[in-house]
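Spelled out, the chains give:
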Amino acid sequence: MDESGVRDLLRSVTDPDLDGDIVSLGLVNDVTVREDGTTVSVSLALGAPYSSTETAIAEEVRSTLSDAGLEPELSARIPTAVTPDEQVLPKVKNVIAVASGKGGVGKSTMAVNIAAGLSDRGASVGLFDADVYGPNVPRMVGAETPPRTDGETIVPPEQYGMRVMSMDFLTGEDDPVIWRGPMVHKIITQLVEDVDWGELDYLVLDLPPGTGDTQLTILQTLPLTGAVIVTTPEEVALDDAVKGLRMFGKHDTNVLGVAENMAGFRCPDCGSVHDVFGEGGGERLAAEHDLPFLGGVPLDPAVRTGGDGGEPIVLDEGETADAFAAISEAVANNAGIVRRRQASDQP
């Protein structure tokens, strides 16, 4: 079996999202047949580790080659024309921004649980609390140990398998952050460049609400894979979520989908669901803008308990934990679509 024969075999493996076989789509970077004639090394353009879709593609490749009597050795990378010295965060495979048009919709809760959910799937994850004016992620994950310095590098603490960095570590207790735009730009850039994030599959950013200086700095500075828009079902939140969508659109940033928080309250006594903030708003918003709907999370007191320093609820069991886990999986899958499309579009 030579390289051409291996590629012919792999034409039977299709990408369920890009509507084509992985060879024609350019998702096979390289094929090397070893001297023994049976061991085959295949590099695939898969960019979202622990995405269930990409795992299935890799398993189908492995099965196809094994059925042909070959011993596959698989690896994954997204080709890029940018050298590591020119890249921002060269050791981070995917940067995911979690955003909302307004405060109070549970954006930080969503960011924490997406990050913890990805980590729980086996991914290496960093959680960057970029809400410089209202940082609260350290409290939400119970991260009490501040970062340490190693020369000129900041080493973030780890919590629930995630590397956590926040402006909250750098200010005094209860001290407000009163900064103009240039200072915000400086601190965000410093926290990105001077923090030793290590090798990460995903860096999840908890953005401040709205469309201000912090968001602009991140959009202009970081190589975002995509953004998650968080909303609640009521019209006021949806109106502001649209502004967030338009902000990302103006900066050619992929939106991975819409996640709905506080989607309904299940009465513990009677078991019926009460739509406290309305019903289906996030799903309608996604449909109107031709975006994926990542899922809805019920209004659950356990979310508040987890957000006050307990374990992120995605790591628990039950309906709410499953909802957050499904959103985390959808984020990984949709990040994979973005990365594979980028690889497929390269000449």
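Scroll up to find the structure.
Residues numbered from 1 in each chain as written. Predicted model: local features only at pLDDT ≥ 70, side-chain atom pairs only at ≥ 80, totals over all residues. Heavy atoms only, no water.

### Notes on the overall build of the chain
Threshold: Strands here are runs of E lasting at least two residues and helices are runs of H or I lasting at least four, both read from the DSSP assignment and numbered beginning at the N terminus. Each residue's exposure class comes from its accessible area (1.4 Å probe, protein chains only) as a fraction of the maximum for that residue type: buried when under 20%, exposed when over 50%, partly exposed otherwise. Note on contacts: a residue pair is in contact if any heavy atoms of the two residues lie within 4.5 Å. Under the convention used here, a 1.4 Å probe and the Shrake-Rupley method define accessible areas, while residue burial counts only the protein chains that appear.
Helix and strand counts for the chain come out as 10 helices and 17 strands. The buried share of the chain, reckoned over its 347 residues, is 51%. Residue pairs at least 24 apart in sequence account for 73% of intrachain contacts in the chain once pairs closer than 6 positions are excluded. If you sum the accessible surface of the chain, you get close to 16000 Å²; carbon and sulfur atoms cover 46% of it.

### Thoughts on the sheet that holds strand β12 (residues 200–206)
Selection rule: Whether two strands pair depends on DSSP finding at least two bridges between them. To define axes, lines are fitted to C-alpha atoms, for helices over the stretch in contact only, and angles between the resulting N-to-C directions are given on a 0 to 180 degree scale.
Read from one edge of the open sheet, eight strands run β10-β11-β7-β12-β6-β13-β14-β17, paired in mixed fashion. Two strands lie at the open edges of the sheet, namely β10 (158–159) and β17 (293–296), each paired on one side alone. Bridge count for β10 against strand β11 (residues 162–166) is two bridges, and the pairing is antiparallel. By the bridge assignment for β11, Q159 is matched with M162. Contacting β13 (226–231), β14 (255–260) and β17, helix α8 (residues 281–288) runs over the sheet at an angle of about 155° to β14.

### Comments concerning the nonpolar core
Taken as a class, soluble globular proteins show a tendency for nonpolar side chains to be buried jointly. As a reminder of what qualifies: Residues enter a nonpolar core if they are buried and are Ala, Val, Leu, Ile, Met, Phe, Trp, Tyr or Cys, with the set joined through side-chain atoms within 4.5 Å.
Counting 79 residues, the largest nonpolar core has M110, F128, L205, V228 and F248 as its most contacted members. At eight residues, the largest contribution of residues to this core is made by helix α10 (residues 319–345). If we ignore the near neighbours within four places in the chain, the residues touching M110 are V98, V230, A259, E260, N261, V297, F324 and I327.

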